[in-house]
Amino acid sequence: LRGQIEALHAIVEAMGLPLLMVPGVEADDVIGTLAVQATQTGMHTLISTGDKDMAQLVDEHVSLIDTMQDARYDRQAVIDKFGVPPERIVEYLALIGDTSDNIPGVPKVGPKTAVKWLQEYGSLDALVQQAADVGGKVGENLRASLGFLPLSRRLATIKCDVPLPLQTPQLQRRPPDVARLRELYQRMEFRSWLADLGGANAQAAAPAVTNSDHGYVMLTDMAQLDTWIARLQRAPLFAFDTETTDLDVMNAEIVGVSFTDAAGEGVYVPFGHVYPGAPEQLERAVVLAKLKPLLQ
């Protein structure tokens, strides 16, 4: 993970997206502070996250989107999901704990118990004041946890007053640096993203592949493929090779095949090349199906 961070930052900057990092400050706190600043200027904030901690920021001006689950959260959606409103999320997390953030929580207290307590007592402070009235083993666990509940609440709280070197209005998106993105995507083999740079943005598209004068050709016609397969079936000996995305056989994806039955000539059949300016290609499944009887 450490080795990916610098490359990720380079891509974000090449995309033209503002990049804000504050040394010694957790990203959640930077996001929370920006959300508060945005609200003060009359902006609506949409936070893209799957982190339940962020639900504490939701109000009439701030909402969440979880793109992995295709879900959006306003105040009512937070209540529907967690059983408590955004202003009780910190107390909810303090009770149930969160291993990803090293928040201990109360042993054996899950979401249902936490919601029940907060609905019954109204707040974590009220629950703590009446902890002696909570019965059973879970009540014993609550009383044994009173010493670190303030720490759990502090750890779960997103700070919204962090001093930032840039203010919300300064975080403006710039036009992407397409040449830089193409360089980064090619180096990191982000083929689908590289393909997205095609069309109008393909300022430096790769030159189209042309047939050679030396008997070596690129084959993109099904009738020519059939002719070559019939020729190879009659040949006493032929050479066959694959072009792949990786030398590791467990990770490699085949993107083309080449073959010949005579010195000085041969064909290459591409079917999986993805880059700006890539030629029209035959369908991989069709090509492999036609070659299968020959190779068998």
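See above for the structure.
Figured I'd write up the structure that's included with this text.

Reading guide: rules and limits
Residues numbered from 1 in each chain as written. Predicted model: local features only at pLDDT ≥ 70, side-chain atom pairs only at ≥ 80, totals over all residues. Heavy atoms only, no water. Helix = DSSP H or I, 4+ residues; strand = E, 2+ residues; numbered from the N terminus. Contact = heavy atoms within 4.5 Å. Salt bridge = Lys/Arg side-chain N within 4 Å of Asp/Glu carboxyl O. Buried < 20%, exposed > 50% of the residue type's maximum accessible area, 1.4 Å probe, protein only. Pairing = 2+ DSSP bridges. Axes fitted to C-alpha atoms, helices over the stretch in contact; angles between N-to-C directions. Parallel < 35°, antiparallel > 145°, perpendicular 65-115°, else oblique. Left-handed = near helix turned anticlockwise from the far one by under 90°. Nonpolar A, V, L, I, M, F, W, Y, C, P; charged D, E, K, R; others polar. Phe/Tyr/Trp six-rings, centres within 6.5 Å; stacked < 30°, edge-to-face > 60°. Lys NZ or Arg CZ within 6 Å of the ring centre and 35° of its normal.

## Concerning the environment of A71
Here is step 1: Mapped onto the fold, A71 is located in strand β3 (residues 71-73).
Here is step 2: It is 33 Å that separates the C-alpha atoms of A71 and N251, two residues lying 180 residues apart in sequence.
Here is step 3: Those residues in contact with A71 that sit more than four places away from it in its chain are L64, I65 and D66.

## Structural notes on the pattern of salt bridges
Here is step 1: Counted under the stated rule, the structure contains 13 salt bridges.
Here is step 2: Here E189 ties to R191 by a salt bridge, and the two come within 3.6 Å at their closest N and O atoms.
Here is step 3: The closest approach of N and O atoms between R284 and E253, which form a salt bridge, is 3.4 Å. On the criterion of sequence distance, the pair formed by R284 in helix α12 (residues 284-295) and E253 in the loop between β5 (239-244) and β6 (254-260) is long-range, its members being 31 residues apart.
Here is step 4: When its relative accessible area of 42% is taken as the criterion, E253 is described as partly exposed.
Here is step 5: Each member of the salt-bridge network shares a partner with another, and the members are R88, E91, D125 and R153.

## Considering the sheet that holds β5
Here is step 1: Across the sheet, which stays open at both edges, the four strands sit in the order β4-β7-β6-β5 with mixed pairing between neighbours. The sheet terminates laterally at β4 (216-218) and β5, the two strands that pair on one side only. Ignoring strand direction, the axes of neighbouring strands in this sheet form an average angle of 20°.
Here is step 2: Where β6 and strand β7 (residues 266-270) come together, four bridges link them in antiparallel fashion. Along β7, the bridge assignment pairs S258 with Y268.
Here is step 3: Running over the sheet, helix α11 (residues 222-234) touches β6 and β7 and is turned about 50° from β6.
Here is step 4: Packing against the sheet, α12 makes contact with β5, β6 and β7, and its axis sits at approximately 40° to β6.

## Focus: the sheet that holds strand β2 (residues 62-66)
Strand pairs in the sheet, formed through backbone hydrogen bonds, run parallel or antiparallel to each other.
Here is step 1: Ordered by their spatial adjacency, three strands build an open sheet running β1-β2-β3, and the pairing between neighbours is mixed. In this open sheet, the two edge strands, each paired with only one partner strand, are β1 (45-48) and β3. Averaged over all adjacent pairs, the angle separating strand axes in this sheet is 25°, with direction ignored.
Here is step 2: As judged from the three bridges shared by β2 and β3, these two strands associate in the antiparallel manner. Looking across to β3, one finds that L64 is bridged to Y73.

## So, the side chain of D98
Here is step 1: With respect to the helices, strands and loops of the structure, D98 is situated in the loop between α4 (89-96) and α5 (111-121).
Here is step 2: Those residues in contact with D98, other than ones at most four positions away along the chain, are K52, D53 and I103.

## What about the packing of helix α1 (residues 2-14) against helix α9 (residues 178-188)?
Here is step 1: Taken N-terminus to C-terminus, the directions of α1 and α9 make an angle of 150°; their axes are 9 Å apart at the nearest point. In terms of axis orientation, α1 runs roughly antiparallel to α9. Crossing of α1 over α9 shows left-handed handedness. Together, A7, A10, I11 and A14 of α1 and R180, L181, L184, Y185 and M188 of α9 make up the contact between the two elements.
Here is step 2: Class assignment of the residues belonging to the contact of α1 with α9 gives a composition of eight nonpolar, no polar and one charged.

## Things to note about the packing of aromatic side chains
Here is step 1: Under the defined criterion, the tally for this structure stands at six aromatic pairs.
Here is step 2: Judged by centre distance (5.4 Å) and plane angle (75°), the ring pair of F190 and W193 falls under edge-to-face.
Here is step 3: For F190, a relative accessible area of 31% corresponds to the partly exposed category.
Here is step 4: Here F240 and F259 contribute two aromatic rings whose centre-to-centre distance is 6.5 Å and whose plane-to-plane angle is 5°, an arrangement assigned as stacked. Within this pair, whereas F240 is found in strand β5, its partner F259 is found in strand β6, the two being separated by 19 residues in sequence.
Here is step 5: Since its relative accessible area comes to 3%, F259 is described here as buried.
Here is step 6: Through pairs of rings, three or more aromatic residues link up here, namely Y185, F190 and W193.
Here is step 7: Directly above the ring of F82 sits K81, whose terminal nitrogen or CZ lies 5.6 Å from the centroid.
Here is step 8: Cation over ring: R231 sits above W228, and NZ or CZ is 4.2 Å from the ring centre.

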